[in-house]
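So you can see what is in the structure, the chains are spelled out below.
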Amino acid sequence: MEPKPAGWSERYGAVFANPEVVDHYHLRPPYPAETIDVLAGLARGGAVLDVGCGIGELSRRLASRVERVDAVDASKAMVERGRGQPGGDASNLRWHIGRVEEVVLDGPYTLALAGDSIHWFDWEVALPRLAGVLADDGVLAVVRRDWLREEPLRARLAPVYRRHSANTDFRPLDPVDELERRGLFVRIGEHTAAPESWQPTLAEIVRVHYSSSGCARSEIADPDGFEAEVRETVEQTLEANDGRYDLEVTAAVVWGRPAALTR
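Residues numbered from 1 in each chain as written. Predicted model: local features only at pLDDT ≥ 70, side-chain atom pairs only at ≥ 80, totals over all residues. Heavy atoms only, no water.

Visitor: Tell me about the packing of aromatic side chains, residues and numbers included.
Guide: The way to describe two aromatic rings as a pair is by their centre distance and the angle between their planes. Enumeration according to the criterion identifies four aromatic pairs in this entry. An angle of 55° between the planes, with centres 6.3 Å apart, marks the rings of Tyr 210 and Phe 226 as tilted. Linking Tyr 210 in the loop between helix H9 (202–208) and helix H10 (223–237) with Phe 226 in helix H10, this pair joins segments that are 16 residues apart in sequence. Take Phe 226: its relative accessible area is 0%, and that puts it in the buried class. Taken together, the ring pairs in this structure connect Phe 16, Tyr 25 and Trp 120 into an aromatic cluster. Sitting above the plane of the Trp 123 ring, Lys 4 keeps its charged end 5.5 Å from the centroid. Residue placement shows Arg 145 over the ring face of Tyr 31; its charged tip is 3.9 Å from the ring centre. (Phe/Tyr/Trp six-rings, centres within 6.5 Å; stacked < 30°, edge-to-face > 60°. Helix = DSSP H or I, 4+ residues; strand = E, 2+ residues; numbered from the N terminus. Buried < 20%, exposed > 50% of the residue type's maximum accessible area, 1.4 Å probe, protein only. Lys NZ or Arg CZ within 6 Å of the ring centre and 35° of its normal.)

Visitor: So, the pattern of salt bridges: which residues are in play, and what are the values?
Guide: Counted by the stated rule, this structure contains 31 salt bridges. Between Glu 227 and Arg 217 there is a salt bridge, with its nearest N and O atoms 3.3 Å apart. Note that Glu 227 is positioned in helix H10 and Arg 217 in the loop between H9 and H10, a separation of ten residues in sequence. A cluster of three or more residues bridged by salt bridges with shared partners is formed by Glu 67, Arg 68, Asp 70, Arg 94 and Asp 106. (Salt bridge = Lys/Arg side-chain N within 4 Å of Asp/Glu carboxyl O.)

Visitor: Outline the layout of surface pockets, supporting the account with residue identities and numerical values.
Guide: Which parts of space are left empty comes out when a probe the size of a water molecule is rolled across the atoms. Considered as a void within the structure, the second largest pocket measures approximately 350 Å³ in volume. Around the second largest pocket, the lining is made up of 22 residues, and of these Tyr 25, Arg 28, Ile 55, Glu 57 and Arg 145 lie nearest the centre. Considering every element that reaches the lining of the second largest pocket, the biggest residue donor is helix H4 (residues 57–62), with three residues. (1 Å grid on protein atoms, 1.4 Å probe; cavity = no way out; pocket = protein on both sides within 12 Å on 5 of 7 lines; lining within 4 Å. Points joined across faces, edges and corners; volume = space filled by probe spheres on them.)

Visitor: Please give an account of empty space enclosed by the protein that cites residues and values.
Guide: Summed over the entire model, instances satisfying the criterion amount to one cavity of 30 Å³ or more. Size it by volume and the largest cavity reaches roughly 30 Å³. Forming the boundary of the largest cavity are Pro 5, Gly 7, Trp 8, Asp 169, Phe 170, Arg 171 and Leu 173. The residue inventory of the lining of the largest cavity, partitioned by class, reads four nonpolar, one polar and two charged. (Nonpolar A, V, L, I, M, F, W, Y, C, P; charged D, E, K, R; others polar.)

Visitor: Now, about the packing of helix H7 (residues 153–164) against H10: what can you tell me, with residues and values included?
Guide: Here H7 crosses H10 at 170°, and the two axes come no closer than 10 Å. On the basis of the axis angle, H7 is roughly antiparallel to H10. Where H7 abuts H10, its residues Leu 153, Arg 156, Leu 157, Val 160, Tyr 161, Arg 163 and His 164 lie against Gly 225, Phe 226, Glu 229, Val 230, Thr 233, Val 234, Gln 236 and Thr 237. Here the residues of the contact of H7 with H10 are counted per class, giving seven nonpolar, five polar and three charged. (Axes fitted to C-alpha atoms, helices over the stretch in contact; angles between N-to-C directions. Parallel < 35°, antiparallel > 145°, perpendicular 65-115°, else oblique. Contact = heavy atoms within 4.5 Å.)

Visitor: Account for helix H5 (residues 76–83), with residues named and values stated.
Guide: If you check which residues of H5 are buried, you get Met 78, Val 79 and Gly 82. Seen along its axis, H5 keeps its buried residues to an arc of 95°; they face one direction. Residues of H5 that are buried sit in contact with helix H2 (19–25), H4, strand E2 (68–73) and strand E3 (93–97). (Arc of directions from axis to C-beta.)

Visitor: A description of the nonpolar core should follow, citing residues and the corresponding values.
Guide: Leu 49, Ile 118, Phe 121, Trp 123 and Leu 140 are the most contacted members of the largest nonpolar core, which totals 36 residues. When residues of this core are traced back to their parent elements, those giving at least two are H2, strand E1 (47–51), strand E4 (109–115), helix H6 (123–133), strand E5 (134–147) and helix H8 (175–181). In terms of residue count, the dominant contributor to this core is H6 (five residues). The residues contacting Leu 140, other than those within four sequence positions of it, are Ala 112, Leu 113, Ile 118, Leu 127, Leu 130, Leu 134, Phe 185, Val 254, Trp 255, Gly 256 and Pro 258. (Core = buried A, V, L, I, M, F, W, Y, C linked by side-chain atoms within 4.5 Å.)

Visitor: How would you explain unusual backbone geometry if you had to name every residue and give the values?
Guide: Gly 107 connects to Pro 108 through a cis peptide bond whose omega is 5°. Checked against the element boundaries, Pro 108 lands in the loop between E3 and E4. Here the bond from Glu 151 into Pro 152 is cis, since omega is 10°, no more than 30 degrees from zero. Tracing the chain through its elements places Pro 152 in the loop between E5 and H7. Phi is positive for Arg 44, which is not a glycine, with a value near 55°. One can find Arg 44 in the loop between helix H3 (33–43) and E1. The class for Arg 44 is partly exposed, based on a relative accessible area of 45%. Phi angles above zero are rare outside glycine, and Leu 148 is one such case at about 50°. Position of Leu 148 relative to the elements: it lies in the loop between E5 and H7. Since its relative accessible area comes to 7%, Leu 148 is described here as buried.

Rendered as structure tokens:
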């Protein structure tokens, strides 16, 4: 089997165990309500598995609309933070610390979902494993959130990222396309939510970058320089209103069946 792209290797994914990254994760804009509605519809009220759940935003927002949610993440710090967030103590939300490739799973699930996380898994192990715990009519949904999407801001930030990112192997690839090309996933449907308003401060725009693998503050060589460049780029490109910027966030959901392969 063709190896995963190097930019999604385990050494970059390990950054999410860093408490500093966890401390900034809540600054990511919420998934649109429309995305939550789509996921609830795919779950059809059944049991949901959220793999690579992070601080559990999707799990916590879905719990009241389904039978139960099993939220799994390899980062103990992420799970502990998620438990303390609003909805993190729901009686039908069960948190699990461990890699999806190894943790005990309690299927069958009508929906397995991966929000901004599927690119970090060992695909040849994780995808068949997910196939084995899905109900016969269950699906895997891959969710990809998109923010700081305004032009020309995105184009002007791109060279800043290239100069400073600790993930020197990053390439702008679509994980669903990569899974399909390897025969690990069969797409059934997809939905992109209408953009929702996101109004961060300048400090929040800068600090949200520290929740990512490539820009974790302790990983980049010149964090002060990076912060100054992001700040300057935003101030020169966008106009604030009462200290906040009027931006947008959207998310795409692609659902289908993972392939039941063996290594």
